[in-house]
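Coordinates in review
Take a look at the letters that make up each chain.
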Amino acid sequence: MSADVRPIAESELPDWLRTVNTGFLNTARLTDADVAMRAKHNDFARTQGAFDPDTGRCVAAFRSFAQELTVPGGAAVPSTAISNVGVLPTHRRQGLLTRMMAAEFAAAGARGDVLATLIAAEYPIYGRYGFGPATSLAEWEIDVPRTGLDRRLSAPADGGRIDLVDEAEVRQVGPELHERLRARTPGAVNRNERWWNMATGLQEISYRPYREKFFAVYRTAAGEVAGLVAYRADDHWTDAKVPQNTVQVHDLLALTPQAERALWQFLCSIDWVLKVRTGYRAPDDLVPQLLPDPRSARIVTAADFLWVRVLDVVRALGARTYEAPGELVLEVTDAAGPAAGRYRLDAGTGTCERTGAAADLRLDVSALGSLYLGDESAVRLAALGRVTEERPGAVALADAVFRTARRPWCPDIF
């Protein structure tokens with residue numbers, strides 16, 4: 001008898017959470033407070049478990065939640081964000097994830113979600129469910145003495161100022177700042193109140209206790225908050241008792257290049273600090289070029305990040321704007337069904353509709369997900385055999401249409 005796959009009851013949450021922890025190799029013991037907090041914020045209709053018919057034990061876990069994803073042009077597209085996916089090692093290769101994913105896609109279609117998103121812990125898994133890597137990230141380590149910056153901290157050149165603030169002020173000014181940034185950042189997702197509470201220690205879970213951070217905001221000459229950084233520093237000294245500390249940035253939001261420059265200048269001016277780790281940034285982030293010597297910042301991490309799965313092609317392609325005019329007929333294959341079909345995209349008007357016309361390009365829905373936010377090149381995908389050109393020049397046109405001037409960026413893990 002196969003496992004029973006279904007939404008869990010609230011009474012099954014502890015068993016479900018143990019399955020999640022086991023799948024993520026987390027040996028921490030759950031407390032009643034952990035379970036209560038998850039129950040308070042959990043949507044049980046969107047929390048699936050697979051239950052062994054012999055033992056009744058939860059052997060696979062899957063959760064989704066409502067999300068808004070910013071696309072090129074600034075529209076916030078309703079998406080289903082998938083997280084906490086795991087199958088116990090004793091029950092792999094039994095099709096449990098396939099069944100849970102199919103149930104989620106059906107529910108997402110009924111809710112009217114346009115996209116599905118996730119952060120892929122393992123690369124090979126999610127392409128077969130129609131997801132494609134849609135944003136990338138980079139992390140730099142800045143060798144502060146090599147930057148060429150004047151480390152004598154002074155007011156930013158544009159008349160703004162940097163102020164150290166506490167968690168309470170971050171919860172007050174951070175959400176509005178992030179919403180303004182999200183509206184102009186393709187790839188960014190919304191942050192709810194719980195996100196800010198967890199980031200500032202108002203809420204925590206026992207196996208991931210809150211660690212204090214430093215917070216600083218950048219204010220313009222008019223007093224408007226236009227930037228925020230959260231960071232920690234280690235406590236490293238040489239045998240000669242010389243401080244050689246590293247600052248680790250956990251979050252840096254900046255509405256303008258001026259705010260971004262001022263915040264990096266501030267971080268590189270902190271006494272006792274020799275290195276600054278930038279945290280995950282957009283792959284075309286300004287930070288290296290903001291330094292007099294860009295080579296003082298070396299990339300220590302470069303990877304794919306947010307994966308996108310298109311569920312409703314007409315609404316997805318109609319929601320974003322395009323860099324160039326042109327018409328393309330896309331034939332999308334989709335083994336799971338919801339995106340399969342032939343679609344005419346008019347990039348000049350930003351409209352999309354189903355069509356019976358001959359295809360200009362053929363591609364799988366996972367390739368469409370990679371193209372969707374503008375980070376991937378249609379020319380590269382064609383070279384890799386993931387896009388097939390049926391009309392000469394269609395690949396080049398698709399590249400001009402879909403690519404964006406700045407690369408998309410998702411600042412958040414979920």
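Look above for the structure.
Residues numbered from 1 in each chain as written. Predicted model: local features only at pLDDT ≥ 70, side-chain atom pairs only at ≥ 80, totals over all residues. Heavy atoms only, no water.

What follows deals with the pattern of salt bridges. Two side chains bearing opposite charge may form a pair once their charged atoms approach each other closely. For the structure shown, the criterion picks out 29 salt bridges. Across the pair Asp113 and Arg111 runs a salt bridge, and its minimum N-O distance is 3.0 Å. Across the pair Arg281 and Glu260 runs a salt bridge whose closest N-O atoms are separated by 3.9 Å. In this pair, Arg281 sits in the loop between β12 (273-277) and β13 (297-304) while Glu260 sits in helix α7 (residues 257-267), placing the two residues 21 residues apart along the sequence. (Salt bridge = Lys/Arg side-chain N within 4 Å of Asp/Glu carboxyl O. Helix = DSSP H or I, 4+ residues; strand = E, 2+ residues; numbered from the N terminus.)

Time to look at the sheet that holds strand β4 (residues 76-87). With respect to topology, 7 strands assemble into an open sheet ordered β1-β2-β3-β4-β5-β14-β6, the strand pairing being mixed. Looking along the sheet, the strands with just one partner apiece sit at the ends: β1 (4-7) and β6 (132-133). Where β4 lies against strand β5 (residues 115-119), 3 bridges are found, and the strand directions are parallel. Opposite Thr80, over in β5, you have Ala116 as the bridge partner. The sheet contacts of helix α1 (residues 13-23) involve β2 (47-51), β3 (58-70) and β4, and relative to β3 the element is tilted by about 85 degrees. (Pairing = 2+ DSSP bridges. Contact = heavy atoms within 4.5 Å. Axes fitted to C-alpha atoms, helices over the stretch in contact; angles between N-to-C directions.)

Turning our eyes to something else, we now look at the packing of aromatic side chains. Here the structure, examined in full by the defined rule, presents 10 aromatic pairs. Ring centres of Tyr231 and Phe266 lie 6.1 Å apart, and the angle between their planes is 70 degrees; on these two criteria the pair is classed as edge-to-face. Taken as a pair, Tyr231 in strand β10 (residues 225-233) and Phe266 in helix α7 lie far apart in primary sequence, 35 residues in all. The residues Tyr231 and Phe266 share a single accessibility class, namely buried. Residues Tyr280 and Phe305 carry aromatic rings whose centres are separated by 6.1 Å and whose planes lie at 70 degrees to one another, so their mutual orientation is edge-to-face. Placement of Tyr280 in the loop between β12 and β13 and of Phe305 in the loop between β13 and β14 (306-310) is noted, with a sequence separation of 25 residues between them. Under the relative-accessibility criterion, Phe305 is labelled buried at 6%. These aromatic residues form a ring-pair network of at least three members: Phe105, Tyr126 and Phe131. Lying over the aromatic face of Trp195, Arg191 brings its terminal NZ or CZ to 3.8 Å of the ring centre. Between the NZ or CZ atom of Arg309 and the centre of the ring of Phe105, over which it lies, the distance is 4.7 Å. (Phe/Tyr/Trp six-rings, centres within 6.5 Å; stacked < 30°, edge-to-face > 60°. Buried < 20%, exposed > 50% of the residue type's maximum accessible area, 1.4 Å probe, protein only. Lys NZ or Arg CZ within 6 Å of the ring centre and 35° of its normal.)

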